[in-house]
Amino acid sequence: MGLKFLEHLLILTDDPEGTRDWFVQNLGFQNGFHPEFGFPVYWLYIGDQDVLHIGKARHSEHQNTYLKTPTDAEQDFSAAGAMGSGRIDHLCLNCDGMSEFIDRLTRNGIPFSERKAHNSQLYQLFMREPINGIKVELNFSWEEAVQMGRVPSYTDEGQNLMTHSPDSK
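Keep in mind that what you see is a predicted model, and the values were worked out from it rather than measured. (Residues numbered from 1 in each chain as written. Predicted model: local features only at pLDDT ≥ 70, side-chain atom pairs only at ≥ 80, totals over all residues. Heavy atoms only, no water.)

Side note on the overall build of the protein
Okay, so step 1: The secondary structure content of the protein amounts to four helices and ten strands.
Okay, so step 2: Starting at the N terminus and ending at the C terminus, the protein contains elements arranged as β-α-β-β-β-α-β-α-β-β-β-α-β-β.
Okay, so step 3: For the protein, the residues scored as buried account for 41% of the 169 residues in total.
Okay, so step 4: Counting contacts in the protein only where the partners sit at least 6 residues apart, residues at least 24 apart contribute 52% of the total.
Okay, so step 5: Accessible surface for the protein amounts to roughly 10,300 Å². Of this, 53% is attributable to carbon and sulfur atoms. (Helix = DSSP H or I, 4+ residues; strand = E, 2+ residues; numbered from the N terminus. Buried < 20%, exposed > 50% of the residue type's maximum accessible area, 1.4 Å probe, protein only. Contact = heavy atoms within 4.5 Å. Areas by Shrake-Rupley, 256 points an atom, 1.4 Å probe, with all protein chains shown as cover.)

Following this line, the structure appears as structure tokens:
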């Protein structure tokens, strides 16, 4: 017995359509099939795998009951807290095609920061999804960033004052 992979993440929000649209339009998820649960939900896919589920916060007692765990009576966990509540700090996606992502994010007016991950060969883009305040991390190979001439604003050594990337103001 052991962990195999992350199946999906559920976001409960006051604006499921806006949340769905942001992830589809800005990150390239595909909206797809989902079973009927008796409450509205969207399933977003990467390839053939549903990885991001989005539902309406506090939609119904049926939904709250369906999603409840045995200890939920101790605190109100009924389908979402305040924006940026900290229940989940960020969603990280492994990606390729950094040029296309940067073009899409820039075209859509999405601000992002660029970093080299500590002690790794990862180049990262960080942004915040504005509907729910969820931080999103996109990881690319360091080689892809070097080929594009990208310069991170933050590296293993700390802030990089010699940057020329979009997040260096």
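Some words on the confidence of the model for the protein
Okay, so step 1: In the predicted model, the protein carries a mean pLDDT of 80, and the fraction of residues at 70 or more is 76%.
Okay, so step 2: Here strand 10 (residues 158–159) is the element of the protein with the lowest mean pLDDT, 62, and strand 2 (residues 30–32) is the one with the highest, 98.
Okay, so step 3: Across residues 162–169, confidence stays below pLDDT 50; counting only partners more than four residues off in sequence or on other chains, it has 17 contacts. (pLDDT = per-residue confidence, 0-100.)

Digging into the pairing of strand 7 (residues 122–129)
Okay, so step 1: In terms of burial, strand 7 is largely enclosed, as six of its eight residues are buried.
Okay, so step 2: Relative to strand 7, strand 6 (residues 113–116) runs antiparallel, the two sharing four bridges. The residue bridging Arg115 from the neighbouring strand is Gln124, located in strand 7.
Okay, so step 3: Sheet topology note: the strand 7/strand 8 (residues 134–141) ladder contains eight bridges and is antiparallel. Counterpart to Leu122 in the pairing with strand 8 is Ser141.
Okay, so step 4: Taken together, strand 7 and the strand that follows it, strand 8, pair antiparallel across an intervening segment of four residues, in which Gly133 is found at a positive phi of about 80°. (Pairing = 2+ DSSP bridges.)

Observations regarding the side chain of Glu129
Okay, so step 1: If you trace the backbone, Glu129 turns up in strand 7.
Okay, so step 2: It is Arg128 that comes nearest to the buried, bridge-free Glu129 among opposite-charge side chains, at 7.7 Å.
Okay, so step 3: At 3.0 Å, the side chain of Glu129 forms a polar contact with the backbone nitrogen of Asn132. (Lys, Arg positive; Asp, Glu negative; His and termini not counted. Salt bridge = Lys/Arg side-chain N within 4 Å of Asp/Glu carboxyl O. Polar contact = N/O pair within 3.5 Å; in protein donor to acceptor, adjacent residues only side chain to side chain.)

Comments concerning the nonpolar core
Okay, so step 1: Core analysis: the largest hydrophobic core is formed by 27 residues, its most contacted members being Phe23, Leu27, Leu52, Leu105, Leu125, Met127 and Leu138.
Okay, so step 2: For this core, the elements supplying multiple residues, two or more each, are strand 1 (9–13), helix 1 (16–27), strand 3 (41–46), strand 4 (49–56), strand 5 (90–94), helix 3 (98–107), strand 7 and strand 8.
Okay, so step 3: Discounting chain neighbours no more than four positions away, the residues touching Phe23 are Ile11, Gly28, Phe29, Leu44, Leu52, Leu91, Glu129 and Val136. (Core = buried A, V, L, I, M, F, W, Y, C linked by side-chain atoms within 4.5 Å.)

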